[in-house]
Amino acid sequence: MSGGNQLEKGNQQEDRGRKARDGQQKEQTVGGASLWQNQSPPVASRPALKGERRTETAVIGGGMAGVLTAWLLKEAGREVILLEAAELASGQTGKTTAKITSQHGLIYDRLLTGAGGRPLAQAYASANQEAIGAYQKIIEAKGIDCGFQRLPAYLYTREKPEVLRAEAAAAAELGIAAAFTLETELPFPVAGALRFEDQACFQPLDFLRALAGELEIYEHTPVLRVETAEDAGVLAAAAEGAA
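The text that follows walks through the structure, step by step, so that each part is easy to find. The structure displayed is predicted, hence computed values, not measured ones. (Residues numbered from 1 in each chain as written. Predicted model: local features only at pLDDT ≥ 70, side-chain atom pairs only at ≥ 80, totals over all residues. Heavy atoms only, no water.)

**Observations regarding helix α8 (residues 204–212)**
- Inspection of α8 places Pro 204, Leu 205, Phe 207, Leu 208, Leu 211 and Ala 212 among the buried residues, and these make up the whole buried set. Down the axis, α8 shows its buried residues gathered within 160° of arc, on one side only.
- The inward-facing, buried residues of α8 contact α3 (35–39), α4 (64–75), α6 (117–142) and β8 (216–218).
- The N-cap of α8, judged by a side-chain oxygen 2.9 Å from the amide nitrogen of Leu 205 a few residues on, is Gln 203. (Buried < 20%, exposed > 50% of the residue type's maximum accessible area, 1.4 Å probe, protein only. Helix = DSSP H or I, 4+ residues; strand = E, 2+ residues; numbered from the N terminus. Arc of directions from axis to C-beta. Contact = heavy atoms within 4.5 Å. Polar contact = N/O pair within 3.5 Å; in protein donor to acceptor, adjacent residues only side chain to side chain.)

Structure, rendered in structure tokens:
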């Protein structure tokens, strides 16, 4: 989301109602180009892999996770190729919410009270908070023009504010700047909202394009199986030149 506060969906009941009311429009959005795809030029196409290619590391999948993994490995000095069954960012990455946050629904209260307890909850919170900063460092170091902004993120409800109060307390206990609030920029009243400070958003395709430009990538190369080779390496068997 570019500009303003990021506003996540509220409780599931409201979300289901919204889907029922706007079903036709939602189908058109899912079936067509996303906001990010409409705003950004297509990511440059890459050839399909022909024949055999030996490499130290092969990353399977050309979405945000795959491209970031391949780029970080390359930065660490590894020889890397990336194999994508269709086109880069043609799946979830092309139609993402484009937010970079440590706020993933009602997660922290559940983690704190779950089997993993505080160690697991703290590890999850710290890793996700650090990831926001890691994105920013990459963007600033490489001068990537992708509309990166630091913004608060919100989770709201129109029915049960007590669950958001509990989540705010749990997140704050883990060191996240989180608070319960009644103030949002939504055009309708809410029973309450959970605000996480200093989160972020960006244009994901512009970011991905910059990193992908430094990588050896093969599109239309679906990986059919992965097995151990005779030389103790790993063999990824791909469909050659798939359409």
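Anyway, onward from the coordinates.
**Overview of α4**
- An ideal rise of 1.5 Å per residue puts 16 Å on twelve residues; α4 measures up with 16 Å between its terminal C-alpha atoms.
- Looking only at α4, the buried set comprises Met 64, Gly 66, Val 67, Leu 68, Ala 70 and Trp 71.
- Where the residues of α4 are buried, they touch β2 (57–60), β3 (80–83), α6 and α8.
- With its phi angle positive at about 95°, Gly 77 sits one or two positions after the end of α4. (Expected span 1.5 Å × (residues − 1).)

**What to know about the packing of aromatic side chains**
- Applying the stated rule across the entire model yields six aromatic pairs.
- Both rings, one in Tyr 135 and one in Phe 207, keep their centres 5.4 Å apart while their planes meet at 50°; by these two values the pair is tilted. Of the two residues, Tyr 135 sits in helix α6 while Phe 207 sits in helix α8, which places them 72 residues apart along the sequence. Note on accessibility: Tyr 135 and Phe 207 belong to one class, buried.
- Ring geometry for Phe 202 versus Phe 207: centroids 5.4 Å apart, planes at 55°, classification tilted. (Phe/Tyr/Trp six-rings, centres within 6.5 Å; stacked < 30°, edge-to-face > 60°.)

Purely spatial values, then, with no claim about function.
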